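Letter by letter, the chains look like this.
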Amino acid sequence: MALLACSQRQEQSVPPWQGEADTSGVFDLPQIEQAGELIALTLSGPETYYDYQGSHLGLHYLLAERFAGHLGVRLRVDVCRDTAELVGRLADGDADLIALPMTADTLSPGWMVGQGKDELQNALLAWYNPQLMEDVRRQEQQMLTKPRVKRRVHAPMLRKGVISYYDELFKRYARGIGWDWRLLAAQCYQESTFDPEATSWAGARGLMQIMPKTADHLGLPRDQMTDPEQNIAAATRYLHELERDFNYIHDRTERQNMVLASYNGGSFHIKDAMRLAERDRLNPQRWEDVRTYILRLKEPAYYQDTLVHYGYMRGTETADYVDKIRARYRQYIRQVRQ
């Protein structure tokens, strides 16, 4: 699934079908099936599309994913800034449909299909029924409310002076990136409670809950994702990569907070929050200021702001993630020597 964030806001007053699209060489259902890709346009929002813990969610995104699966093709979603851009790009033939309610047609999810795509329109109408919407809504709610990670819960301390069975690995690999190993251990407890077999509903695995695509990026073979040493080594490579991305933050603690937040919620969302903090004359390099906007990115007034490039965010978990790691780290500092 490819994501394209459209950055230029257009005026909302443009008539929906101003100008006629060039329908020569129409790309209808047979051509979509041959290409193997359905292209949908949407907006960022809790009901449409958003990134959550490395997974793509949103009622209409999940429904479009099901429709693409029904057609036997992959789904590509382009996220636009507003409805004028959605309609303009559909009219220009840049996509096959708009995956959010644009009409009051109860026989469909209200999506708008590109002009001349009659076979695609008929396929959508034949496939859709209102129960599908309820099924997808239930699916998303289950994904968001069930435990994120299946794991065996271990005590936060193995015994006096010893945090876990993996302390030596934490020390070895934290040293390579200049981190206190106890901070790495606190993050690991938050991720998996020291269970190397922990698996999340989104597919993250191992002590540090690495996503499969992140493992590929880091050179961690998927069949070694639950190996404690390989998992920790890959996680520290990723932390180091994220830290380089925030190297302009001079305070090490603040930089690490942004890195931890990015590990959980994605650096693109964290940078959106930083831009909003700076706009409001707060410190974009201070965690407490940025945390405020991470939480506000669930509100349309914030995630629709032109400074926000990646839209809606469920930020509560990311804010809690950093806070809990820091609290546990303080506990480890008191109880365990460096």
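Residues numbered from 1 in each chain as written. Predicted model: local features only at pLDDT ≥ 70, side-chain atom pairs only at ≥ 80, totals over all residues. Heavy atoms only, no water.

## Quick word on the nonpolar core
Where we set the bar: In this description, a nonpolar core means a group of buried Ala, Val, Leu, Ile, Met, Phe, Trp, Tyr and Cys residues linked to one another through side-chain atoms lying within 4.5 Å. Each residue gets one of three labels from its accessible area relative to the maximum for its type: buried under 20%, exposed over 50%, partly exposed in between, using a 1.4 Å probe on protein chains only. Runs of E in the DSSP output that reach at least two residues are strands. Runs of H or I that reach at least four are helices, and both are numbered from the N terminus. Any two residues whose heavy atoms approach within 4.5 Å are treated as being in contact.
Ranked by internal contacts, the top residues of the largest apolar core, which has 89 residues, are L38, F67, L97, L120, F170, M208 and I270. Ranked by residue count, the leading element in this core is helix α2 (residues 59-71), at 8 residues. Among residues more than four places away in sequence, those in contact with F170 are S164, W181, L184, A185, C188, F194 and I232. The next biggest cluster of nonpolar side chains, apart from the first, holds 11 residues, and it includes I39, L41, I98 and L100.

## Things to note about the pairing of strand β5 (residues 74-80)
Where we set the bar: Strands qualify as paired when DSSP identifies two bridges or more between them.
For β5, the tally of buried residues reaches 5 of 7 residues, placing the bulk of the element in the interior. Where strand β2 (residues 37-43) lies against β5, 7 bridges are found, and the strand directions are parallel. Each residue of the ladder has a partner; that of A40, found in β5, is V77.

## Some details on empty space enclosed by the protein
Any empty space left between atoms is shown by rolling a water-sized probe over those atoms. Spelled out, the test is: A pocket, in this scheme, is an open set of points on a 1 Å grid over the protein atoms alone with protein on both sides within 12 Å along at least 5 of 7 lines, while a cavity is a set where a 1.4 Å probe fits but cannot get out; residues line either one if an atom lies within 4 Å of a point. Grid points are joined across faces, edges and corners, and a volume is the space filled by probe spheres set on the points. Residues were grouped as follows: Ala, Val, Leu, Ile, Met, Phe, Trp, Tyr, Cys and Pro as nonpolar; Asp, Glu, Lys and Arg as charged; and all remaining residues, including Gly, as polar.
The final tally for this structure, using the stated rule, is 1 cavity of 30 Å³ or more. The calculated volume of the largest cavity comes to roughly 40 Å³. Lining the largest cavity, in full, are D51, Y52, Q53, G265, H269, M313, R314 and T318. When the residues that make up the lining of the largest cavity are grouped by side-chain class, the tally is 2 nonpolar, 4 polar and 2 charged.

## Details of the packing of helix α7 (residues 181-192) against helix α10 (residues 252-265)
Our working rule: Working convention: axes come from line fits to C-alpha atoms, limited for helices to the stretch in contact. Angles between N-to-C directions cover 0 to 180 degrees. Any angle that is under 35 degrees is reported as roughly parallel, and any over 145 degrees as roughly antiparallel; angles of 65 to 115 degrees are reported as roughly perpendicular and all others as oblique. By definition, turning the near helix anticlockwise from the far helix through less than a right angle yields a left-handed crossing, and turning it clockwise yields a right-handed one.
Where α7 contacts α10, the two axes come as close as 13 Å, and the packing angle between them is 25°. Classified by the interaxial angle, the pair formed by α7 and α10 is roughly parallel. The handedness of the crossing between α7 and α10 comes out as right-handed. When α7 is examined against α10, the residues L183, Q187 and E191 are found in contact with a partner set consisting of Q256, L260 and Y263.

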